[in-house]
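# Structural overview for review
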Amino acid sequence: MGRGKFITFEGIDGAGKSTHISFVCDLLRSIGKNVVSTREPGGTELGEALRELLLHRAMHLETEALLMFAARREHIAQVIEPALARGDWVVSDRFTDASFAYQGGGRGMDLKKLDVLEQWVHPTLQPDLTLLFDVPLEVARARLDASRNLDKFEQEKAGFFAATREQYLCRAQQYPARFRIIDSTRSIAIIHKELETLISTI
Ligand code: ADP
Ligand code: TYD
């Protein structure tokens, strides 16, 4: 059995990532893959404890970045690497692109420091495919307001999300081989069709 593949879902809050993750996992299972579905921050017992702090406590922006990468280190060691090594496919709701977009873009942390953390925590591991769900801020905001209680990040202002979205789009330009930008203003049914086509080609 060869190494599995690593697929990540990204986008600003309310873009529609969570809506499509189980659909993609089911598609992969229907073509015979063993799938591990996971998320960041989180994915391990320690990571979920860190997630609680990250989503609800105010902290220095670099503390936030360090805790994101601490949770990620544990996630890679306990979940992602063992799954890929045994041939499973890993589908993660967010990974390191989110740190560049939110801590780098949204909060304005020096991207060079994030590069150092990425090199430290996963010098060789990168997703095989990153699906970036992209929508204008107003669409994301309207969807969030209609759907749930907002956490610390989701309560940020439009300027934060504009910078976050911009940084996601920069990352997509920087790494075109692994990124696919999904226009998430379309209907869920149409997006599912595009995801079916995409998955059939990997
Ligand atoms: P995310 O995980 O990116 O924060 P969600 O998947 O939770 O976003 O979606 C936020 C809200 O928007 C949910 O209520 C969801 O049903 C709705 N939604 C997601 N995608 C679409 C879409 N393409 N069209 C209309 N509503 C959508
Ligand atoms: P998410 O699971 O998408 O939230 P929800 O379950 O409400 O859809 O992500 C949690 C939040 O964490 C999200 O606002 C983005 C943020 N985040 C970062 O700021 N940096 C990171 O590195 C990661 C992985 C997430």
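Okay, so let's go over this structure. Treat the numbers as computed from the prediction; the structure is a model and nothing was measured.

Let us look at the site of ligand 1. Residues in contact with ligand 1 amount to 16 residues; listed here are only the nearest, G14, G16, K17, S18 and T19. Taking S18, its side chain carries an N or O atom lying 2.4 Å from an oxygen atom of ligand 1. One of the side-chain nitrogen or oxygen atoms of R143 is found 3.3 Å away from a nitrogen atom of ligand 1. In the complex, the protein chains occlude 76% of the 560 Å² of accessible area that ligand 1 would expose alone. Contributing elements (two or more residues each) for the shell around ligand 1: helix 1 (17-30), helix 6 (137-147) and helix 8 (188-200). No other element matches helix 1, which puts three residues into the shell around ligand 1. Of the residues contributing to the shell around ligand 1, the split by class is four nonpolar, seven polar and five charged.

As a further point, take the pattern of salt bridges. Using the criterion set out here, one finds 19 salt bridges in the structure. Across the pair R72 and E40 runs a salt bridge whose closest N-O atoms are separated by 2.6 Å. Linking R72 in helix 3 (residues 61-85) with E40 in the loop between strand 2 (35-39) and helix 2 (45-56), this pair joins segments that are 32 residues apart in sequence. For E40, a relative accessible area of 5% puts it in the buried group. In this structure, R165 engages D134 in a salt bridge whose closest nitrogen and oxygen atoms are separated by 2.8 Å. In this pair, R165 is assigned in helix 7 (residues 158-174) and D134 in strand 4 (residues 129-134), connecting sequence segments 31 residues apart.

Near ligand 2, the surroundings consist of 17 residues, among which D13, K17, R94, S99 and Q103 are the closest. Here an oxygen atom of ligand 2 and a side-chain polar atom of D13 are 3.0 Å apart. Here an oxygen atom of ligand 2 and a side-chain polar atom of R72 are 3.1 Å apart. Relative to its unbound accessible surface of 550 Å², ligand 2 loses 93% to contact with the protein. No other element matches the four residues that helix 4 (residues 96-106) contributes to the shell around ligand 2. Here the shell around ligand 2 is built from residues that sort into six nonpolar, two polar and nine charged.

Conventions we followed
Residues numbered from 1 in each chain as written. Chains lettered and ligands numbered in written order. Predicted model: local features only at pLDDT ≥ 70, side-chain atom pairs only at ≥ 80, totals over all residues. Heavy atoms only, no water. Near = heavy atom within 4 Å. Polar contact = N/O pair within 3.5 Å; in protein donor to acceptor, adjacent residues only side chain to side chain. Areas by Shrake-Rupley, 256 points an atom, 1.4 Å probe, with all protein chains shown as cover. Helix = DSSP H or I, 4+ residues; strand = E, 2+ residues; numbered from the N terminus. Nonpolar A, V, L, I, M, F, W, Y, C, P; charged D, E, K, R; others polar. Salt bridge = Lys/Arg side-chain N within 4 Å of Asp/Glu carboxyl O. Buried < 20%, exposed > 50% of the residue type's maximum accessible area, 1.4 Å probe, protein only.

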